[in-house]
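Residue-level listing of the chains:
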Amino acid sequence: MVGAAFGVGFILGPVLGGAFSHFGTRVPFMIAAGLSLINWLYGYFILPESLPVEKRRAFEWKRANPIGSLVSIGKYPALLGLMITLFLLYFASHSVQSNWTFYTMEKFDWDTSWVGYSLGFVGLVIGIVQGGLIRVILPKIGEKKAVYFGLILYVIGFTAFAFASKGWMMFAFMVPYGLAGIGGPAMQGLISNQIPSNAQGEMQGVLTGLQSLAAIFAPWVMTHIFAYFIEGEAPVYFPGAPFILSAVLTLIGLFICLRSLKKYH
């Protein structure tokens, strides 16, 4: 459901941003700030606490920081490989998030409208997979196989994006890339099953921290690789280079995940 919500937001966000930007380039940011404030108010005043009182643990300052959380979660060796895989996947995803507009405009001469259509289609595929198909697929094949299939489909999707020769292919290749989304929730499910109920929030915080860490460095890496391979200094003209790096990182994550799941699961 979280993934489906992300997909819907991926559809509506660009549309709202584009529509309200006509009133000024700062207006979309103001709307985003307002929506974030509404989200905070909803979480603070309305959203119920999911953990029963008897299962809560006392607050500790030594665990209320990134280092403390990592040390605490590090007590579960079965999680290390899965977390590394998730970090690599978070990092790899920025070849799409950070470069999609640049890549499609450079290679297929898309305008902003086509970029918007494509991002809306990405959100639609993600919403369908996360909100519907994953509920059917996971019970039938199990979390471990879902992780394997998801990572393999990510490798296929990244590689296909890199070598697409026509604009319509980007829409076609979004299908395996979107279906790959079954892997992330399955991996998080495996991680959650190893953690006691009073540490679930802490674990989610660590995962969000890894995602944020990737969001700091990955856009810089992916955009610089893209810029290098479309300029004259590169040995070959290859704007799809960031997608190949993502495919390699995901493949490394797949091997780490295979080793971890065979050893601990």
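Residues numbered from 1 in each chain as written. Predicted model: local features only at pLDDT ≥ 70, side-chain atom pairs only at ≥ 80, totals over all residues. Heavy atoms only, no water.

Draft legend 1. Region of interest: the overall build of the chain. If you tally the helices and strands in the chain, you get 11 helices and zero strands. The N-to-C order of helical and strand elements in the chain reads α-α-α-α-α-α-α-α-α-α-α. Over its C-alpha trace the chain gives a radius of gyration of 20 Å, about what one expects of a compact globule, namely 18 Å for 265 residues. Judged by the C-alpha coordinates and their principal axes, the chain covers about 60 × 50 × 40 Å. Expressed as a percentage of contacts within the chain between residues at least 6 apart in sequence, the contacts between residues at least 24 apart total 78%. Per element, the accessible surface of the chain, about 15100 Å² overall, is 70% carbon and sulfur. Computing the positive centroid from 16 side-chain charges and the negative centroid from 10, the chain places the two 14 Å apart. (Helix = DSSP H or I, 4+ residues; strand = E, 2+ residues; numbered from the N terminus. Rg over C-alpha atoms; globule rule 2.2 N^0.38 Å. Contact = heavy atoms within 4.5 Å. Areas by Shrake-Rupley, 256 points an atom, 1.4 Å probe, with all protein chains shown as cover. Lys, Arg positive; Asp, Glu negative; His and termini not counted. Charge placed at Lys NZ, Arg CZ, Asp CG, Glu CD.)

Draft legend 2. Inspection of the packing of aromatic side chains at higher detail. Taken as a whole and assessed by the stated rule, the structure comprises 22 aromatic pairs. Residues Trp110 and Trp114 carry aromatic rings whose centres are separated by 6.3 Å and whose planes lie at 35 degrees to one another, so their mutual orientation is tilted. A relative accessible area of 44% places Trp114 in the partly exposed class. Measuring from ring centre to ring centre gives 5.6 Å for Phe158 and Tyr177, while their planes differ by 65 degrees; the resulting arrangement is edge-to-face. Remark: Tyr177 occurs in helix α8 (residues 167-179) and Phe158 occurs in helix α7 (residues 112-163); sequence separation between them is 19 residues. Overall, Phe158 belongs to the buried group, its relative accessible area being 0%. (Phe/Tyr/Trp six-rings, centres within 6.5 Å; stacked < 30°, edge-to-face > 60°. Buried < 20%, exposed > 50% of the residue type's maximum accessible area, 1.4 Å probe, protein only.)

Draft legend 3. Looking closely at the side chain of Ser246. As for its placement among the helices and strands, Ser246 is situated in helix α11 (residues 241-264). Here Ser246 falls in the buried class, since its relative accessible area comes to 0%. Setting aside residues up to four positions removed in sequence, Ser246 forms contacts with Ala92, Ser95, Phe158 and Met222.

Draft legend 4. View of helix α9 (residues 183-192). Most of α9 sits inside the fold, with eight of its 10 residues counted as buried. What α9 keeps buried is the set Gly183, Gly184, Ala186, Met187, Gly189, Leu190, Ile191 and Ser192.

Draft legend 5. Molecular detail of the nonpolar core. The biggest cluster of nonpolar side chains holds 57 residues, and the ones touching the most others in it are Met83, Trp100, Phe158, Phe161, Met170, Ile191 and Leu207. When contributions to this core are tallied by element, the ones reaching two or more residues are α4 (77-92), α6 (100-108), α7, α8, α9, α10 (200-230) and α11. (Core = buried A, V, L, I, M, F, W, Y, C linked by side-chain atoms within 4.5 Å.)

Draft legend 6. Region of the structure containing the environment of Pro28. Mapped onto the fold, Pro28 is located in helix α2 (residues 27-45). Pro28 sits 209 residues away from Tyr237 along the chain, and the two C-alpha atoms are 36 Å apart. Excluding residues that lie within four positions of it along the chain, Pro28 makes contacts with Gly17, Phe20 and Ser21.

Draft legend 7. Representation of a nonpolar patch on the surface in the model. On the surface, Leu37, Trp40, Leu41, Tyr42, Tyr44, Phe45, Ile46 and Leu47 cluster together to form a nonpolar patch covering roughly 930 Å² of accessible area. Along the chain, the position of Ile46 falls in the loop between α2 and α3 (66-73). A residue is classified by how much of its surface remains accessible, and Ile46, at 56% relative accessible area, is exposed. (Patch = residues over 30% accessible without salt bridge, like charges linked within 9 Å, V, L, I, M, F, W, Y side chains within 5 Å. Salt bridge = Lys/Arg side-chain N within 4 Å of Asp/Glu carboxyl O.)

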